[in-house]
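Chain by chain, the residues run as shown.
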Amino acid sequence: QVGGTEVYVRDLAAALVDHGIESSIIAATDGTAREYPWERVPVIRYPAHSDRSYFQNLVRRLEPDLFHLHSWTTGSGLEHLRGVAELGIPSVVTVHVPAAICIRGTALLEGRTACDGRIDERRCAYCWAEGRGLPLPAARLLSHLPKWTPPAWTARSPVRRIATLASARAMAANQAARLHEIAGLCGRIVVPSRWMHAALLANAIPAGKILLSGQAAGEAFDRG
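Anyway, here's the lowdown on the structure attached to this text.

Each value, and the rule that gives it
- Residues numbered from 1 in each chain as written.
- Predicted model: local features only at pLDDT ≥ 70, side-chain atom pairs only at ≥ 80, totals over all residues.
- Heavy atoms only, no water.
- Pairing = 2+ DSSP bridges.
- Helix = DSSP H or I, 4+ residues; strand = E, 2+ residues; numbered from the N terminus.
- Axes fitted to C-alpha atoms, helices over the stretch in contact; angles between N-to-C directions.
- Contact = heavy atoms within 4.5 Å.
- Phe/Tyr/Trp six-rings, centres within 6.5 Å; stacked < 30°, edge-to-face > 60°.
- Buried < 20%, exposed > 50% of the residue type's maximum accessible area, 1.4 Å probe, protein only.
- Lys NZ or Arg CZ within 6 Å of the ring centre and 35° of its normal.
- Patch = residues over 30% accessible without salt bridge, like charges linked within 9 Å, V, L, I, M, F, W, Y side chains within 5 Å.
- Areas by Shrake-Rupley, 256 points an atom, 1.4 Å probe, with all protein chains shown as cover.
- Salt bridge = Lys/Arg side-chain N within 4 Å of Asp/Glu carboxyl O.
- Parallel < 35°, antiparallel > 145°, perpendicular 65-115°, else oblique.
- Left-handed = near helix turned anticlockwise from the far one by under 90°.
- Nonpolar A, V, L, I, M, F, W, Y, C, P; charged D, E, K, R; others polar.

Before going further, it helps to spend a moment on the sheet that holds strand β1 (residues 25–29). Taken in spatial order, the three strands of this open sheet run β1-β3-β2, and their pairing is mixed. Each of the sheet's edge strands pairs with one partner strand only, and the pair in question is β1 and β2 (34–38). Looking at each pair of strands side by side, their axes are set apart by 30° on average, direction ignored. Judged from the five bridges that link them, β2 and strand β3 (residues 41–47) form a sheet pairing that is antiparallel. Residue pairing in the sheet places Glu-35 in a bridge with Ile-44 of β3. In this fold helix α2 (residues 52–62) packs onto β1, β2 and β3, with an angle of close to 165° to the strand it touches most, β3.

Here we have four strands laid out as an open sheet, ordered β4-β5-β8-β9, and parallel in their pairing. Of all the strands in the sheet, just β4 (67–69) and β9 (210–212) have a single pairing partner and so form its edges. Looking at each pair of strands side by side, their axes are set apart by 25° on average, direction ignored. Sheet analysis places strand β8 (residues 188–191) next to β9, joined by three bridges and oriented parallel. By the bridge assignment, Val-191 is partnered in β9 with Leu-212. Each of β8 and β9 touches helix α8 (residues 194–202); the most contacted strand, β9, lies at about 165° to it.

Let us look at the packing of aromatic side chains. Inspection of the entire model under this criterion finds two aromatic pairs. Note on Phe-55 and Phe-67: the rings are 6.0 Å apart at their centroids and 80° apart in plane angle, and the pair reads as edge-to-face. You can see Phe-55 sitting in helix α2 and its partner Phe-67 sitting in strand β4, a full twelve residues away along the chain. In this structure Phe-67 comes out as buried when scored by relative accessible area, which is 12%. Members of the aromatic cluster, connected to one another through ring pairs, are Tyr-46, Phe-55 and Phe-67. Seen from the ring of Tyr-126, Arg-140 lies directly overhead, with NZ or CZ sitting 4.2 Å from the centre.

Glancing now at a nonpolar patch on the surface. A contiguous nonpolar surface patch, about 330 Å² in accessible area, is contributed by Trp-153, Val-159 and Ile-162. Within the element layout of this structure, Trp-153 appears in the loop between α5 (136–142) and α6 (160–166).

Closest axis-to-axis distance for the helix α3 (residues 78–86)/helix α7 (residues 168–185) pair is 10 Å, and the angle between their directions is 30°. Between α3 and α7, the angle is such that the two are roughly parallel. Remark: the crossing between α3 and α7 carries left-handed chirality. Here Leu-78, Leu-81, Arg-82 and Ala-85 of α3 come into contact with α7, specifically with Arg-178, Glu-181, Ile-182 and Leu-185. The residue inventory of the contact of α3 with α7, partitioned by class, reads five nonpolar, no polar and three charged.

This part is about helix α4 (residues 121–131). α4 sits mainly inside the fold: eight of its eleven residues count as buried. Within α4, the full set of buried residues consists of Arg-123, Cys-124, Ala-125, Tyr-126, Cys-127, Trp-128, Ala-129 and Glu-130. Elements in contact with the buried residues of α4: β6 (108–109), α5, α6 and α7. Note on α4: the residue one or two positions beyond its end, Gly-133, has a positive phi of about 100°.

Structural data, given as structure tokens:
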């Protein structure tokens, strides 16, 4: 799939060449591992569910001066940033989408109005539950339940959906913890919008850690 992040990374790699900086792209895939050049930039694709050591070996082989994370997924995210930190390589993170902050993923409170992005366990819990189809009164009631993390066995049981809904407060708390861990592991967090900048500040990420770089793209992809 190709979206805004892929266009951003392509343009960034091309622009860095003008500054004498070479780039390699490491990207997860649901297929098999492979390597190929893309517009003269080396690309390494690795299985999305490979372990941390597999990813670390790829990074170690490239010997980069800087690692730049552009993803917030299972295939490439916090676990991979941890792995790079273990190698002693400095990192930068660009947060392209609100999923790094919003467990609903839309940054729309109750799916209707713009949210300020501040992670609040109860507010995020009822907003997320409402987005999963729970009536708003029930979602608000659920957000007042004690914070609870479901045991692993519930993931394979008939009560999986109920257990997941009941863990909404814990999900929000974990989201905040992950966000702060990312801030601790990287030297800078690059954001492409003023909303994201304000949202990180609202979550107590130090202002000196954040760099606002307005979103832009070079050549459009061929629409023919």
